[in-house]
Amino acid sequence: MRGTDRDAAFSEFVAARQTHLRRIAYALCGDWHRADDLLQTALTKLYVAWPRIRHEGGEEAYCRQIMVRANIDESRRPWRRERPTDRLPERGADGPTPVEERSALFDALQALPEQQRKVVVLRHWLGLSVRETATELGINEGTVKSHSSRGLAALEQVLAPQRR
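Residues numbered from 1 in each chain as written. Predicted model: local features only at pLDDT ≥ 70, side-chain atom pairs only at ≥ 80, totals over all residues. Heavy atoms only, no water.

By the naming in an unreviewed UniProt entry, the chain is SigE family RNA polymerase sigma factor, taken from Nocardioides baculatus. For the record of the chain, the UniProt heading Sequence similarities (unreviewed entry) holds the text "Belongs to the sigma-70 factor family. ECF subfamily." (UniProt positions renumbered as here; feature names shortened; annotations may be inferred.)

Here you go:
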C-alpha cells in the first residue's frame, strides 16, 4: 500500500468511525477528556499498524483492543497521569454539557466495577460474542459471563426505578 493510499484509507476509516470509537472510549473510562486521549492513543497506534491491520480486515477490533489496554495501562501507572494544579485555565468551558453526555446509562455504567463495565460495553453495547470479549480482555469466557450477568443486574437495579 502506497503512502497516499494508506493515508486516504486511514482518514476515511477515522472519519467514518471516530464518533463511535469516542463513545466506546468514554464508556470504558467515564471521562470525555480521558476518552479523547484514549482515542488519540488508539488511532496513533492503529496508524502505525494500518497496512497490516487493513489487509487483515480487523481495524475496529484492533482499535478497541488498543483502547481497552491503554485504559488499563493508564490506571496502573498513576505517575503518568496529569496532576491538577492551582492555576486556572485561561477560559472556562464552552457551555453546559449536552444531555446525551450525561445520560443515566453512562452514570450507571461508571458506577460498575471496571471489569464489569468493560464486559458490559463490549458484550452488550458493541455486540461482541463471549469469545470475542474474552479475547479482547484477556480473560476466560466464564469470567466474561459472570461479569456480564453481575453488571447487567447492577444496571437494572439502578435504571429500573427511573423507567417507572
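Draft legend 1. Quick look at the packing of helix 5 (residues 114-125) against helix 6 (residues 130-137). With their axes 10 Å apart at the nearest point, helix 5 and helix 6 run at an angle of 135 degrees to one another. With respect to their mutual orientation, helix 5 and helix 6 come out oblique. In this structure, helix 5 meets helix 6 at a crossing whose hand is right-handed. Of helix 6, the residues touching helix 5 (which contributes Q115, K118, V119, L122 and R123) are V130, T133, E136 and L137. Looking at the contact of helix 5 with helix 6 residue by residue, the classes come out as 4 nonpolar, 2 polar and 3 charged. (Axes fitted to C-alpha atoms, helices over the stretch in contact; angles between N-to-C directions. Helix = DSSP H or I, 4+ residues; strand = E, 2+ residues; numbered from the N terminus. Parallel < 35°, antiparallel > 145°, perpendicular 65-115°, else oblique. Left-handed = near helix turned anticlockwise from the far one by under 90°. Contact = heavy atoms within 4.5 Å. Nonpolar A, V, L, I, M, F, W, Y, C, P; charged D, E, K, R; others polar.)

Draft legend 2. Examining the pattern of salt bridges more closely. Scanning the model with the defined rule gives 6 salt bridges in all. Between E60 and R17 there is a salt bridge, with its nearest N and O atoms 2.9 Å apart. Here R17 lies in helix 1 (residues 3-29) and E60 lies in helix 3 (residues 59-76), a separation of 43 residues in the sequence. Its relative accessible area of 19% is what places E60 among the buried residues. Across the salt bridge formed by E141 and R131, the nearest N and O atoms sit 3.3 Å from each other. Here the residue E141 occupies a position in helix 7 (residues 141-163), and R131 occupies one in helix 6, the gap between them amounting to 10 residues. In this structure, a network of salt bridges that share partners links the residues R17, E60, R64 and E136. (Salt bridge = Lys/Arg side-chain N within 4 Å of Asp/Glu carboxyl O. Buried < 20%, exposed > 50% of the residue type's maximum accessible area, 1.4 Å probe, protein only.)

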